[in-house]
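# Chains, contacts and geometry: an overview
Chain by chain, the residues:
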Amino acid sequence: MTKSSKTPSAASDKPAFIVRNSPIHGRGVFATRKIPADTLLVEYEGERISAKKAAKRHGADPANPYHTFFFSLENGKLIDGGVDGSDARWINHACEPNCEAREEDGQVFIYTLRDIKRGEEFNYDYGLIVEERQTKEIKKAYECRCGAETCRNTMLAPKEKKRSKKKKKD
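First things first, this report covers the structure right here in the doc. Remember, it's a predicted structure, so these values are computed and weren't measured experimentally.

Moving on to the layout of surface pockets. The rolling of a water-molecule-sized probe over the atoms marks out the regions of remaining empty space. Of the voids in this model, the largest pocket is the one considered here, and its volume is about 1,300 Å³. For the largest pocket, the lining is made up of 44 residues, of which Thr68, Phe70, Tyr126, Leu128 and Tyr142 are closest to its centre. Within the lining of the largest pocket, the residues separate by chemical class into 24 nonpolar, eleven polar and nine charged.

Here you go:
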């Protein structure tokens, strides 16, 4: 099945989603009609930049220094959705997401994980990774507002638990 055949039905002239204000944070992307599970919604587009260039751009807004539209790629590059980006940049984070991002041949596509109801906001787990220690201040800077029962209160990826070494019995 090709990517184009997985997109929401072209039979309807109505777009599959609309960008508007979100109760979660800022702008959000909302379904304008029912959309089935495993549907390709949109490509995450923007300028492709190096990590070095992203570091220079990070924190450019003094009023909100942790907010960016960066999406990391497997090859180490990033997509800056803030420059020539698609509507995908407005999809908010959630700890219990209804979508997921999939990298395919260096491109990032957002797919639905389950059936989406008309009017429902799309979201995926950002799983952000920061180099610095995850202090209370850093977690607050990347605060999650999804409201899910299992909310971890941050958009940062959960820390990997250290595996305890099991003693071998001889």
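What follows concerns the sheet that holds strand 3 (residues 40–44). One key point about sheets: their strands pair by backbone hydrogen bonds, in either a parallel or an antiparallel sense. Reading across from one edge, 3-9-8 is the order of the three strands in this open sheet, with antiparallel pairing throughout. The outermost strands of the open sheet, each flanked by one partner alone, are strand 3 and strand 8 (99–104). Averaged over all neighbouring strand pairs, the angle between strand axes comes to 30°, with direction disregarded. By the bridge criterion, four bridges tie strand 3 to strand 9 (residues 107–112) in an arrangement that is antiparallel.

In space, the three strands of this open sheet follow the order 4-6-5, with antiparallel pairing throughout. This sheet does not close on itself; its edge strands, each paired only once, are strand 4 (47–49) and strand 5 (70–72). Each neighbouring strand pair of the sheet contributes to a mean axis angle of 30°, computed without reference to strand direction. Examined bridge by bridge, strand 4 and strand 6 (residues 78–80) share three bridges and lie antiparallel to one another. Residue pairing for strand 6: Arg48 is matched across the bridge by Ile79.

The next subject is the packing of aromatic side chains. Under the defined criterion, the tally for this structure stands at five aromatic pairs. Residues Phe69 and Trp90 carry aromatic rings whose centres are separated by 5.2 Å and whose planes lie at 80° to one another, so their mutual orientation is edge-to-face. Linking Phe69 in the loop between helix 2 (51–57) and strand 5 with Trp90 in the loop between strand 6 and strand 7 (92–93), this pair joins segments that are 21 residues apart in sequence. Assessed through its relative accessible area of 17%, Phe69 is described here as buried. Take Trp90: its relative accessible area is 22%, and that puts it in the partly exposed class. On the numbers, 5.2 Å between centres and 50° between planes, the contact of Tyr124 with Tyr126 is tilted. When its relative accessible area of 6% is taken as the criterion, Tyr124 is described as buried. Through a chain of ring-to-ring contacts, three or more aromatic side chains come together here, namely Tyr44, Phe71, Tyr124 and Tyr126. The ring centre of Phe69 lies 6.0 Å from the NZ or CZ of Arg89, which sits over that ring. Against the face of Tyr111 rests Arg102, its NZ or CZ located 3.9 Å from the ring centre.

With that settled, consider the pairing of strand 1 (residues 17–21). Remember that side chains alternate between the two faces of the sheet whenever the strand is regular. Sheet topology places strand 1 next to strand 2 (residues 27–31); five bridges connect them, and they run antiparallel. Among the inter-strand pairings, Ile18 is bridged to a residue of strand 2, identified as Phe30.

Reading the values: rules and limits
- Residues numbered from 1 in each chain as written.
- Predicted model: local features only at pLDDT ≥ 70, side-chain atom pairs only at ≥ 80, totals over all residues.
- Heavy atoms only, no water.
- 1 Å grid on protein atoms, 1.4 Å probe; cavity = no way out; pocket = protein on both sides within 12 Å on 5 of 7 lines; lining within 4 Å.
- Points joined across faces, edges and corners; volume = space filled by probe spheres on them.
- Nonpolar A, V, L, I, M, F, W, Y, C, P; charged D, E, K, R; others polar.
- Pairing = 2+ DSSP bridges.
- Helix = DSSP H or I, 4+ residues; strand = E, 2+ residues; numbered from the N terminus.
- Axes fitted to C-alpha atoms, helices over the stretch in contact; angles between N-to-C directions.
- Phe/Tyr/Trp six-rings, centres within 6.5 Å; stacked < 30°, edge-to-face > 60°.
- Buried < 20%, exposed > 50% of the residue type's maximum accessible area, 1.4 Å probe, protein only.
- Lys NZ or Arg CZ within 6 Å of the ring centre and 35° of its normal.

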